Amino acid sequence: MSTDDTEPSESKCGASSSTDTEASESSGSKCGATKTETAESKCGGSSSTDDSTSKCGGSSDEEEVGSTVEDFDADPGRLVAVGLGPGEPEGMTSRAKTALAAVEHIVGYTTYVELLPDDITESAEDIYSTPMCGEVSRTEEAIDRALSGNDVAIIGSGDPNVYALAGLALEILESKGGTASMVDFEVVPGVPAAQSCAARVGAPLVNDTVSISLSDHLTDMPTIESRLHATAKEGFTIAIYNPWSRKRRENFEKCCEILLEHRDEDTPVGVVHAAGRDDEEVEIVTLGDLPDLGETDLIDMTTTLLVGNDETYVWDDRMVTPRGYETKYDY
Ligand SMILES: C[S@@+](CC[C@H](N)C(=O)[O-])C[C@H]1O[C@@H](n2cnc3c(N)ncnc32)[C@H](O)[C@@H]1O
């Protein structure tokens, strides 16, 4: 087993070479790819370990899918996308723990690997971690390891279906000429950040809610702005993911401007930084105060914002969004 905090680990699978073969023999890993390209991992395009200075979306050269299913001789193993929840081991579902204990290889972004409980990292035969970005190459690495005969988990925070890699894994499998069933592909859900963060501030999301990510890495900003307008106008409560980075400062500012166009400045906003992690911070603020928080440590790439609707209020330090019971029942 190996983890590396700053540099990508060497690939044990996929494009095999003499180095790869040695590595796989020493770990007992089953790597059956027959390609003879570079021994270097194709993962970890960016060497940045700082979320807020991420260069995601830069070069696409490092993100090209390489081998196809034809390049693998072995009987495929399994591929499971596992959601870890917010971060603390207690926040993981027991199904996620069981799934991780059952696999041989774990593949993930370094920060998420560091969140794994010790018993899981100790029981894994190999752990492949890469810094921020390189999602395509990291996901392909997981797929190649599964195609080589290993049981593999690709991990992420929250849930694999929320701004995460479950869909990418299926898309890459398809582009390699494979099928989901050949690796017995499975998604093990986790608690999404919106729900973990909502729990920290009371009951802000109990009515119709829309999630919006401010990351313009894969969706352009005009589209994000139009979604924000539509959502804010319609009165949904809103969970805002990826709210801030140095690169995304303007997106945050634009988001606040759009929200204030449609909502009262007294609208409560739950700001939850790093729910379930050592540096967790929670505040309930007003929408009018939100723009000024962009430059504080409270709002960064590990923060989720929960914007109330017209009926959301703060009671005893908790956000409350009525669901409508009060219109039908006396209490
Ligand atoms: C790429 S998305 C991944 C979302 C994840 N799959 C989920 O289901 O929550 C990353 C964003 O999720 C939110 N996030 C993830 N973990 C968080 C946590 N522990 N506390 C607050 N927000 C979190 C932040 O908005 C962060 O920018």
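Residues numbered from 1 in each chain as written. Predicted model: local features only at pLDDT ≥ 70, side-chain atom pairs only at ≥ 80, totals over all residues. Heavy atoms only, no water.

Quick word on a nonpolar patch on the surface
- Taken together, the side chains of Tyr325, Tyr329 and Tyr331 make up a nonpolar region of the molecular surface, amounting to roughly 450 Å² of accessible area.
- Relative to the helices and strands, Tyr325 is located in the segment after strand S13 (318–320). (Patch = residues over 30% accessible without salt bridge, like charges linked within 9 Å, V, L, I, M, F, W, Y side chains within 5 Å. Areas by Shrake-Rupley, 256 points an atom, 1.4 Å probe, with all protein chains shown as cover. Salt bridge = Lys/Arg side-chain N within 4 Å of Asp/Glu carboxyl O. Helix = DSSP H or I, 4+ residues; strand = E, 2+ residues; numbered from the N terminus.)

Focus on the pattern of salt bridges
- Enumeration over the complete set of coordinates arrives at 11 salt bridges.
- Between Glu88 and Arg200 there is a salt bridge; the shortest N-O distance is 3.6 Å. Residue Glu88 is located in the loop between strand S1 (79–83) and helix H2 (94–102), and its partner Arg200 is located in helix H7 (residues 193–200); the two are separated by 112 residues in the primary sequence.
- Here Asp144 and Lys176 are joined by a salt bridge, their closest N and O atoms 2.7 Å apart.

Considerations on the sheet that holds strand S12 (residues 313–315)
- Read across the sheet, three strands follow the order S6-S13-S12 without closing on themselves; strand pairing throughout is mixed. The strands lining the two open edges of the sheet, one partner per strand, are strand S6 (202–203) and S12. (Pairing = 2+ DSSP bridges.)

Some points on the site of the ligand
- What surrounds the ligand is a group of 21 residues, the closest being Asp159, Val162, Ala193, Met301 and Thr303.
- In the model, an oxygen atom of the ligand is placed 3.0 Å from a nitrogen or oxygen of the Asn242 main chain.
- For the shell around the ligand, the secondary structure elements donating two or more residues are H7 and strand S11 (303–307).
- Class assignment of the residues belonging to the shell around the ligand gives a composition of 13 nonpolar, six polar and two charged.
- When residues of the shell around the ligand are assigned to domains, at least three fall in each of domain 1 (47–190) and domain 2 (194–320). (Near = heavy atom within 4 Å. Polar contact = N/O pair within 3.5 Å; in protein donor to acceptor, adjacent residues only side chain to side chain. Nonpolar A, V, L, I, M, F, W, Y, C, P; charged D, E, K, R; others polar. Domains from an automatic or database assignment.)

Notes on the environment of Leu170
- Tracing the sequence through the fold places Leu170 in helix H6 (residues 166–175).
- For Leu170, a relative accessible area of 36% translates into the label partly exposed.
- Taking C-alpha positions, Leu170 is 8.3 Å from Phe185, a pair spaced 15 residues apart along the chain.
- Contact partners of Leu170, with chain neighbours within four places excluded, come to Ala180 and Phe185. (Buried < 20%, exposed > 50% of the residue type's maximum accessible area, 1.4 Å probe, protein only. Contact = heavy atoms within 4.5 Å.)

Details of helix H8 (residues 221–234)
- Its 14 residues give H8 an end-to-end C-alpha distance of 20 Å, which sits within 8% of 20 Å, the value for a rise of 1.5 Å per residue.
- Taken residue by residue, H8 has Met221, Ile224, Leu228, Thr231 and Ala232 as its buried positions. All buried residues of H8 project into a common sector of 95° when viewed along the axis, lining one side. Away from its buried face, by an angle of more than 90 degrees, H8 presents the exposed residues Pro222, Lys233 and Glu234.
- Packed against the buried residues of H8 are strand S7 (209–213), strand S8 (237–241) and helix H9 (249–262).
- At the exit of H8 stands Gly235, carrying a positive phi of roughly 85°. (Expected span 1.5 Å × (residues − 1). Arc of directions from axis to C-beta.)

Considerations on the packing of aromatic side chains
- This model, assessed by the stated rule, comprises three aromatic pairs.
- Taking the centre distance of 4.9 Å and the plane angle of 85° together, the rings of Tyr109 and Tyr112 count as edge-to-face. Judged on exposure class, the residue Tyr109 and its partner Tyr112 are both buried.
- Summarising the aromatic geometry, the rings of Tyr163 and Tyr241 are spaced 4.9 Å apart at their centres and angled 65° between planes, so their arrangement reads as edge-to-face. Residue Tyr163 is found in the loop between strand S4 (152–156) and H6, and its partner Tyr241 is found in strand S8; the two are separated by 78 residues along the sequence.
- The class for Tyr163 is partly exposed, based on a relative accessible area of 45%. (Phe/Tyr/Trp six-rings, centres within 6.5 Å; stacked < 30°, edge-to-face > 60°.)

Some words on the sheet that holds strand S10 (residues 281–286)
- Taken in spatial order, the five strands line up as S7-S8-S11-S9-S10 in an open sheet, and their pairing is mixed. For this open sheet the edge positions go to S7 and S10, each flanked by a neighbour on one side alone. Averaged over all pairs of adjacent strands, the angle between strand axes in this sheet comes to 20°, irrespective of strand direction.
- Here S7 pairs with S8 via five bridges, running parallel. Looking at the pairing, Ser213 lines up with Tyr241 of S8. (Axes fitted to C-alpha atoms, helices over the stretch in contact; angles between N-to-C directions.)

Focus on the environment of Ser215
- Within the secondary structure, Ser215 is located in the loop between S7 and H8.
- Among the residues examined, Ser215 registers a relative accessible area of 15% and is labelled buried.
- The sequence separation of Ser215 and Asn251 amounts to 36 residues, and the corresponding C-alpha distance is 8.1 Å.
- The contact partners of Ser215, leaving out residues within four places of it in the chain, are Ile224, Asn242 and Arg248.

Let's talk about the packing of helix H5 (residues 135–147) against H6
- The geometry of H5 relative to H6 is characterised by a closest axis approach of 10 Å and an angle of 65° between their N-to-C directions. Taken together, the axes of H5 and H6 are roughly perpendicular relative to one another. Viewed along their axes, H5 and H6 form a crossing whose handedness is right-handed. Only Leu168, Ala169, Ile172 and Leu173 of H6 make contact with H5, whose side of the interface consists of Glu135, Val136, Thr139, Glu140 and Ile143.
- Its residues assigned to classes, the contact of H5 with H6 comprises six nonpolar, one polar and two charged. (Parallel < 35°, antiparallel > 145°, perpendicular 65-115°, else oblique. Left-handed = near helix turned anticlockwise from the far one by under 90°.)

By themselves, these are just geometric observations and shouldn't be taken as functional.
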